[in-house]
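Coordinates in review
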Amino acid sequence: LSALADNDGFSSSLQKLGCEVVAVLARRDHHQWHEKEVLEFSQQAKAKNADVIVTTAKDAVKLRANWIMQLPLCSLVIEMKVENEAALLQHIKQK
């Protein structure tokens, strides 16, 4: 369940982490979620034997827990690690 500029990238990230994606609900970036669409999706996911619903950290804060009573809700947190911070900062300063 995601509302991103690149929803396919989100699904791909989950698959690369070893998740089996059995259902997808993708919307445009900044989508305002509604109870009906989320509840219907959670029912569809459960019918496809999903174990959990995974969303982005950004979208998790827009959802209410009682909208997804069928399955546990998890959010994927993505962090960036800069290998050579000094070189990155120098590059930014040069621009």
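Residues numbered from 1 in each chain as written. Predicted model: local features only at pLDDT ≥ 70, side-chain atom pairs only at ≥ 80, totals over all residues. Heavy atoms only, no water.

**Details of the overall build of the protein chain**
For clarity, the threshold we go by: For the purposes of this entry, the term helix denotes a DSSP run of H or I that reaches at least four residues, the term strand denotes a run of E that reaches at least two, and both are numbered from the N terminus. With C-alpha atoms as the basis for the radius of gyration, the globule rule is written as 2.2 Å multiplied by the number of residues raised to the power 0.38. Burial here depends on accessible area, computed with a 1.4 Å probe over protein chains only, as a share of the maximum for the residue type. Under 20% is buried, over 50% is exposed, and the range in between is partly exposed. Contact criterion: two residues are considered in contact whenever any of their non-hydrogen atoms come within 4.5 Å of each other. In this charge count, Lys and Arg are treated as positive and Asp and Glu as negative; neither His nor the chain ends contribute. Throughout, a charge is located at the NZ atom of Lys, the CZ atom of Arg, the CG atom of Asp or the CD atom of Glu.
Per the secondary structure count, the protein chain includes four helices and four strands. Helices and strands appear in the protein chain in the N-to-C order β-α-β-α-β-α-β-α. For the protein chain, the C-alpha radius of gyration of 17 Å lies well beyond 12 Å, the compact-globule estimate for 95 residues. Viewed in the frame of its principal axes, the protein chain has a C-alpha envelope of about 55 × 30 × 20 Å. Here the protein chain holds 95 residues, and the buried ones make up 28% of them. Sequence separation of at least 24 residues holds for 56% of the intrachain contacts in the protein chain that already meet a minimum separation of 6. For the protein chain, the centre of its 12 positive side-chain charges and the centre of its 12 negative side-chain charges are spaced 4 Å apart.

**Examining the side chain of S2**
Going by this rule: Distance and chemistry together define a polar contact, namely a pair of N or O atoms within 3.5 Å, with one atom able to donate a hydrogen and the other to accept it when in protein, and with adjacent residues in sequence counting only for side-chain atoms on both sides.
Along the chain, S2 turns up in strand β1 (residues 2–3). Looking at S2, the relative accessible area reads 2%, which means it is buried. Polar contacts involving the side chain of S2 include one to the side chain of N7, which spans 2.5 Å. Apart from residues lying up to four places away in sequence, S2 is in contact with N7, F10, L25, A26, R27, W33, T56 and D59.

**Observations concerning unusual backbone geometry**
Glycine aside, residues mostly have negative phi angles, and peptide bonds mostly take the trans form. Phi at H30 is positive, roughly 70°, even though this residue is not glycine. Structurally, H30 can be placed in the loop between β2 (26–27) and α2 (35–47). Using a relative accessible area of 58% as the deciding quantity, one classes H30 as exposed. Not every positive phi belongs to a glycine, and N49 is a case in point at roughly 70°. Note that N49 resides in the loop between α2 and β3 (53–56).

**Comments concerning a nonpolar patch on the surface**
Convention followed: Patch definition: residues with relative accessible area over 30% and no salt bridge; like charges joined within 9 Å; nonpolar side chains (Val, Leu, Ile, Met, Phe, Trp, Tyr) joined within 5 Å. Calculation of accessible area relied on Shrake-Rupley with a 1.4 Å probe; when residues are assessed, cover is drawn exclusively from the protein chains displayed. One speaks of a salt bridge when a side-chain nitrogen belonging to Lys or Arg is within 4 Å of a carboxyl oxygen belonging to Asp or Glu.
A contiguous nonpolar patch, built from M80, V82, L88, L89 and I92 and spanning about 480 Å² of accessible area, is present on the exposed surface. With respect to the element layout, L89 can be found in helix α4 (residues 85–94).

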